[in-house]
2 protein chains.
Amino acid sequence: MDAQDHQSPPSQPPHLRQVLVLRPPPVFAVHEQYISNKFHILKAYESPLPTRDFLQANAQSVKAVLCSGSGPITADVLRDLPALEIVVSTTTGVNHIDMAECRRRGIRVTNVGDLFSDDVADVAVGLLIDVMRRISGGDRFVRGGRWPVTGLYPLGSKLGGKRIGIVGLGNIGSRVASRLEAMGCIVSYTSRLRKHSTPFTFYPDVHQLATDSDALVLCCALTNDTRHMINNKVMKALGKNGVIVNVARGAVINEADLVKCLEDGEIAGAGLDVYENEPNVPKQLLGLDNVVVLPHCSAFTKECFEDAAQIVVGNLEAFFTNKPLITPVTNDF
Amino acid sequence: MDAQDHQSPPSQPPHLRQVLVLRPPPVFAVHEQYISNKFHILKAYESPLPTRDFLQANAQSVKAVLCSGSGPITADVLRDLPALEIVVSTTTGVNHIDMAECRRRGIRVTNVGDLFSDDVADVAVGLLIDVMRRISGGDRFVRGGRWPVTGLYPLGSKLGGKRIGIVGLGNIGSRVASRLEAMGCIVSYTSRLRKHSTPFTFYPDVHQLATDSDALVLCCALTNDTRHMINNKVMKALGKNGVIVNVARGAVINEADLVKCLEDGEIAGAGLDVYENEPNVPKQLLGLDNVVVLPHCSAFTKECFEDAAQIVVGNLEAFFTNKPLITPVTNDF
């Protein structure tokens, strides 16, 4: 018992370096003990103080913050932390961080690199199969006792030979592409820049890509250029048999347009892991049988979370010991 | 209107060749008009007579029968059809046909060849992703309004690097293998015979394959050798983190053992498209969150059904005009 108490002290030793957490990222929630053994975690979310007061109380000492999309690092937060030198995110995307302000202040930012790419690509493919082949709908059909009563389950749509447009052919998009090729799909893409190393057809314009595709798989970063890029016009170009899968960020889609297009049959279905106002999902989606709605879990595997906790700790240790960061984000936002 | 009436006569012209249907196969149900325009369909299932009386009333004239698993062609049925010369199945598997009796009588059998293989392989992969990454469970979580309340969704299991054992490396199994390779899985297999053309590790014994695998994907034919092959012992060898996907036939698994192993946590989860007594699914499965239950729809795509209807018609036309059958089944049962 004594030995265990020494390994896992109930209170954090005061000599550990301080790391601020505004809201607990999922990776931190799962691996809190491992991370807390390495750093002195300042938990704003457990303080009786309002967040702003808590930040101001620690303003002079906080050099590092650990975050994810659940607790955005806005210009206001940054203003309250004048000593901040690094923002460590447990995610790949950094759209929850005011990157322009970080750049101006010289605050460094790390993500987890492409650690999640394979797992996110697997879920993108799983969502596409699910919507086109009606898998979770079929599961509801059987669980609801409808099979013996109704008989024939509605036919789905074959994946082989379908034209799939990938929006954003980065670490995730290129992994989605190779998986879909193995299923006999015909892959095209749009991206900020043409990728000369891939054999896939490049479309400079998402509207034209949608016109020529049976499904779109969204894998791009959320930026000012991509916000609400998938709107009513793009969905109508995709057409009544078209499917949209989103494993990027919710705001890449205009959600009001998506709801209307799904309700009106302007597109055939959607597989969504992300939403504009998580954890809130437009309630109109929840009654639709041709939609699959996941709770932003495309990177949620035991293996990934363990690796992510190690990268987070590695970046913080590198920062505090003046060594090169493991996965710095190039801040060209 | 007149022209349309001529194309689709309300009653079938008597000069068309007779084809008996005991119970309507799904492909027939969807493409009844197309098939009925080519043949005079004797519908046992619409007759007021008991099936046996209906068969005996048509015993001397019926040379061809169209079937699927929903209406087995048993020794009893064959005995009542002394003039029968061909059994045309809308399926790939022919376990619903008494092949030994067909062989003895010289009755020919056709299936639809490997028409469904890509679509079935897609669903096998979809089920594996779904169970390991908790997709339909995640959809229930969001639809049930639990995300904003519960917060963190349970972590799934990464596919990359996992050892997947394929049971039956035929047309479907080999397509599953190539899809899983693109996802970074390590594929092994068991099969009646070692396939020298594949790079995958062969296991002569399913128990050893299970011991060395993180998941089993069942793609084999149902035969006397494979019936109830996946039993309690094999599942325990697979282990507490193991997953089973079945797109073969329900009776390849001992369902009572499967239910018990799932309830007791002896395996981690299952993705099932097929059951021993369809359309009845063991009701204990319907309450489990780590199970995905589909209504035997792995081949249910519009594209496949159209192709299958053409193959069925092609085989029947070939038979009635003494031409070579398109997709005969080699009867070595």
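Rules used in this analysis
- Residues numbered from 1 in each chain as written.
- Chains lettered and ligands numbered in written order.
- Predicted model: local features only at pLDDT ≥ 70, side-chain atom pairs only at ≥ 80, totals over all residues.
- Heavy atoms only, no water.
- Least-squares fit on C-alpha atoms with pLDDT ≥ 70 in both.
- Contact = heavy atoms within 4.5 Å.
- Salt bridge = Lys/Arg side-chain N within 4 Å of Asp/Glu carboxyl O.
- Helix = DSSP H or I, 4+ residues; strand = E, 2+ residues; numbered from the N terminus.
- Buried < 20%, exposed > 50% of the residue type's maximum accessible area, 1.4 Å probe, protein only.
- Axes fitted to C-alpha atoms, helices over the stretch in contact; angles between N-to-C directions.
- Parallel < 35°, antiparallel > 145°, perpendicular 65-115°, else oblique.
- Left-handed = near helix turned anticlockwise from the far one by under 90°.
- Nonpolar A, V, L, I, M, F, W, Y, C, P; charged D, E, K, R; others polar.
- Buried area = accessible area lost by both parts, 1.4 Å probe.
- Polar contact = N/O pair within 3.5 Å; in protein donor to acceptor, adjacent residues only side chain to side chain.
- UniProt positions renumbered as here; feature names shortened; annotations may be inferred.
- Pairing = 2+ DSSP bridges.
- Domains from an automatic or database assignment.
- Expected span 1.5 Å × (residues − 1).

(A) Examining the relation of the copies chain A and chain B more closely. Overlay of chain A on chain B (RMSD 0.0 Å): rotation 180 degrees, translation along the axis 0.0 Å. Expressed as a symmetry operation, the mapping of one chain copy onto the other fits a two-fold axis. With an isologous cut-off of 70% or more, the 100% of interface residues of chain A that recur at the interface of chain B puts this contact in the isologous class.

(B) View of the pattern of salt bridges. All names here are of chain B. Following the criterion strictly, the structure yields 34 salt bridges over all chains and no others. Here Lys43 ties to Glu32 by a salt bridge, and the two come within 2.4 Å at their closest N and O atoms. A residue pair is termed long-range when its members are at least 10 positions apart, and Lys43 in strand E2 (residues 40–43) and Glu32 in helix H3 (residues 32–36) qualify at eleven residues. Residue Lys43 is classed as buried on the basis of its relative accessible area of 17%. Using a relative accessible area of 25% as the deciding quantity, one classes Glu32 as partly exposed. The salt bridge involving Arg140 is made with Asp289; its shortest N-O contact spans 2.8 Å.

(C) Inspection of the packing of helix H7 (residues 117–133) of chain A against helix H7 (residues 117–133) of chain B at higher detail. Contact geometry of H7 of chain A with H7 of chain B gives a least axis separation of 9 Å together with a crossing angle of 125 degrees. Judged by the angle between their axes, H7 of chain A and H7 of chain B are oblique. Every pair of crossing elements has a handedness; the one defined by H7 of chain A and H7 of chain B is left-handed. Here H7 of chain A contributes Asp119, Asp122, Val123, Val125, Gly126, Ile129, Asp130 and Arg133 of chain A to the contact with H7 of chain B, which in turn contributes Asp119, Asp122, Val123, Val125, Gly126, Ile129, Asp130 and Arg133 of chain B. By residue class, the composition of the contact of H7 of chain A with H7 of chain B is six nonpolar, two polar and eight charged.

(D) The interface of chain A and chain B, seen in detail. Taken together, the contacts link 60 residues of chain A with 60 residues of chain B. Both faces combined, the contact of chain A with chain B buries some 5000 Å², and carbon together with sulfur accounts for 65% of it. Ranking the residues of chain A by area buried against chain B places Arg133, Arg143 and Trp147 of chain A at the top, with a combined share of 16%. The tally of links between chain A and chain B comes to six salt bridges. The salt bridge partner of Lys162 of chain B is Glu303 of chain A, with a shortest N-O separation of 2.6 Å. In this assembly, chain A and chain B are joined by 26 residue pairs in polar contact (both at pLDDT 80 or more). Contributing elements (two or more residues each) for the side of chain A that touches chain B: helix H2 (26–30), H7, helix H8 (135–143), helix H9 (147–150), helix H10 (171–182), strand E12 (291–293) and helix H14 (302–320) of chain A. Residue contributions to the side of chain A that touches chain B peak at nine residues, all from H7 of chain A.

(E) Representation of the UniProt feature "domain: D-isomer specific 2-hydroxyacid dehydrogenase NAD-binding" (unreviewed entry) in chain A. Mapped onto the present numbering, the UniProt feature "domain: D-isomer specific 2-hydroxyacid dehydrogenase NAD-binding" (unreviewed entry) falls on residues 125–298 of chain A. What you have in residues 125–298 of chain A is 32% helix and 16% strand, and the ends, taken at the C-alpha atoms, are 11 Å apart.

(F) Summary view of the sheet that holds strand E9 (residues 215–218) of chain B. Residue and element names in this part refer to chain B. Pairing is parallel across the open sheet formed by seven strands, whose spatial order is E8-E7-E6-E9-E10-E11-E12. Edge strands, defined here as strands with exactly one partner in the open sheet, are strand E8 (201–202) and strand E12 (291–293). Bridge count between strand E7 (residues 186–190) and E8: two bridges; the pairing is parallel. Within E8, the residue paired with Ser188 across the bridge is Thr201.

(G) Expanded view of the domain arrangement of chain A. Residues and elements named next belong to chain A. The assigned domain composition of chain A is domain 1 (2–115 + 302–320) and domain 2 (117–293). Once you take the C-alpha centre of each, domain 1 and domain 2 turn out to be 33 Å apart. At the junction of the two partners, domain 1 supplies six residues and domain 2 supplies six residues. When the buried surface of domain 1 facing domain 2 is broken down by residue, Asn95, Asp114 and Cys304 rank first, second and third, together holding 76% of it. Remark: the boundary between domain 1 and domain 2 carries one salt bridge. Here Asp114 and Arg175 are joined by a salt bridge, their closest N and O atoms 3.7 Å apart. Classifying every residue of the side of domain 1 that touches domain 2 gives two nonpolar, three polar and one charged.

(H) Inspection of H10 of chain A at higher detail. All names here are of chain A. With twelve residues, H10 should cover 16 Å at 1.5 Å per step; its first-to-last C-alpha distance of 18 Å lies within 8% of that length. Taken as a whole, H10 has its buried residues at Ile172, Gly173, Val176, Ala177, Arg179 and Leu180. Phi turns positive, to about 80 degrees, at Gly184, one or two residues after H10.

(I) Here's a closer look at the sheet that holds strand E2 (residues 40–43) of chain A. All names here are of chain A. Taken in spatial order, the five strands of this open sheet run E2-E1-E3-E4-E5, and their pairing is parallel. The open sheet is flanked by E2 and strand E5 (108–110), the only strands paired with a single partner. Sheet twist, expressed as the average angle between the axes of neighbouring strands with direction ignored, equals 25 degrees. The sheet contact formed by strand E1 (residues 18–21) and strand E3 (residues 64–67) spans two bridges and is parallel. Residue pairing in the sheet places Val21 in a bridge with Leu66 of E3.

(J) Representation of helix H8 (residues 135–143) of chain B in the model. For H8 of chain B, a buried count of eight out of nine residues is recorded, marking the element as mostly surrounded by other parts of the structure. Regarding H8 of chain B, the residues found buried are Ile135, Ser136, Gly137, Gly138, Asp139, Phe141, Val142 and Arg143 of chain B. The secondary structure elements touched by the buried residues of H8 of chain B are H7, H8 and E12 of chain A together with H7, helix H9 (147–150) and E12 of chain B. Backbone geometry just downstream of H8 of chain B places Gly145 of chain B in the positive-phi region, at approximately 75 degrees.

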